[in-house]
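A look at the structure
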Amino acid sequence: MDTLESEVLEQPSGHLRHSISEVRKSAIMLRRYIAPQRDVLSSLKTVDMAWLTRDVERRLQEVHDNQLRGIESLDAIRERSQVVMDELVSAVSDKLNSNLYVLSVITAIFLPLGFLTGLFGINVGGIPGVNDDHAFVNFVLLLTGITALQIVIFKLLKWF
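Quick look at the structure, then. (Residues numbered from 1 in each chain as written. Predicted model: local features only at pLDDT ≥ 70, side-chain atom pairs only at ≥ 80, totals over all residues. Heavy atoms only, no water.)

1. Digging into the nonpolar core
Of all hydrophobic cores here, the largest spans eight residues; its members are Met1, Leu4, Val8, Leu16, Ile20, Val84, Met85 and Leu88. Of all elements in the fold, only helix H1 (2-10), helix H2 (16-46) and helix H3 (54-120) reach the threshold of two or more residues within this core. Among the elements that line this core, the one with the most residues is H3, at three residues. Apart from residues lying up to four places away in sequence, Met1 is in contact with Val23, Ile77, Arg80, Ser81 and Val84. (Core = buried A, V, L, I, M, F, W, Y, C linked by side-chain atoms within 4.5 Å. Buried < 20%, exposed > 50% of the residue type's maximum accessible area, 1.4 Å probe, protein only. Helix = DSSP H or I, 4+ residues; strand = E, 2+ residues; numbered from the N terminus. Contact = heavy atoms within 4.5 Å.)

Listed below in structure tokens is the structure:
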């Protein structure tokens with residue numbers, strides 16, 4: 001669990017999710033088998049039987065205490081694995097959000113440009129600049145200006 005925890009904090013990656021799930025599943029399975037044994041030992045401590053000598057009772061108490069510590073360790077591993085899984089999901093989600101943010105900014109820049117090129121690309125009469133030899137250059141300069149203006153606005157708004 002310590003190794004997985006270090007890996008998640010240093011270099012979070014989606015492939016660690018399976019390893020963390022396996023550790024958590026193992027802790028749950030071990031606890032499922034050890035917890036009933038602890039209960040049996042606990043009930044044996046309280047029962048007064050002739051064959052239970054003082055030495056046997058002391059050993060039962062030691063075994064019970066060891067099992068209790070083992071169960072507590074398994075519970076701690078299970079809880080740590082959940083915390084590490086949450087951290088991994090959060091880190092992967094942050095990375096995804098960052099990528100989606102960049103894509104959104106790029107889309108916001110190119111959406112008006114696509115609209116204008118589509119609008120001026122139709123083949124019907126009445127399009128501005130049909131008879132002007134410099135219309136294409138003027139249009140490209142207009143699109144460049146719009147892009148520059150958008151970038152300046154985005155930087156002022158601290159969007160990127």
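There's more to say after this.
2. Describing the pattern of salt bridges
One pass over the full model with this rule turns up nine salt bridges. Notably, a salt bridge pairs Arg31 with Asp75, separated by 2.6 Å at the nearest N-O pair. With Arg31 in helix H2 and Asp75 in helix H3, this pair connects stretches of sequence that are 44 residues apart. Overall, the relative accessible area of 16% leaves Asp75 in the buried class. Between Arg54 and Glu57 there is a salt bridge; the shortest N-O distance is 3.8 Å. In this pair, Arg54 and Glu57 are both assigned in helix H3, three residues apart and thus about one turn of the helix distant. Glu57 sits in the partly exposed class, given a relative accessible area of 28%. (Salt bridge = Lys/Arg side-chain N within 4 Å of Asp/Glu carboxyl O.)

3. Remarks on the environment of Ile151
Summarising the element assignment, Ile151 is placed in helix H4 (residues 135-156). Classification of Ile151 by relative accessible area gives partly exposed; the value is 29%. Considering only alpha carbons, one finds Ile151 and Val105, 46 residues apart in sequence, at a separation of 9.3 Å. Aside from chain neighbours lying at most four places away, what touches Ile151 is Ile109 and Phe160.

4. Brief notes about the layout of surface pockets
Considered as a void within the structure, the largest pocket measures approximately 160 Å³ in volume. Along its surface, the largest pocket is lined by Phe120, Ile127, Pro128, Gly129, Asp132, Ala135, Phe136, Asn138, Phe139 and Leu142. Ranked by residues supplied to the lining of the largest pocket, first place goes to H4 with five residues. Its residues assigned to classes, the lining of the largest pocket comprises seven nonpolar, two polar and one charged. (1 Å grid on protein atoms, 1.4 Å probe; cavity = no way out; pocket = protein on both sides within 12 Å on 5 of 7 lines; lining within 4 Å. Points joined across faces, edges and corners; volume = space filled by probe spheres on them. Nonpolar A, V, L, I, M, F, W, Y, C, P; charged D, E, K, R; others polar.)

5. Comments concerning H4
Compared with the 32 Å implied by 1.5 Å per residue over 22 residues, the 31 Å span of H4 between its first and last C-alpha is a close match. Regarding H4, the residues found buried are Ala135, Phe139, Leu143, Thr147, Gln150 and Phe154. End-on, the buried residues of H4 take up no more than an arc of 120°, which puts them together on one face. For H4, the exposed residues lying more than 90 degrees away from the buried face are Leu141, Leu149, Lys155 and Leu156. Lys158 occupies a position one or two residues after H4 and carries a positive phi of about 60°. (Expected span 1.5 Å × (residues − 1). Arc of directions from axis to C-beta.)

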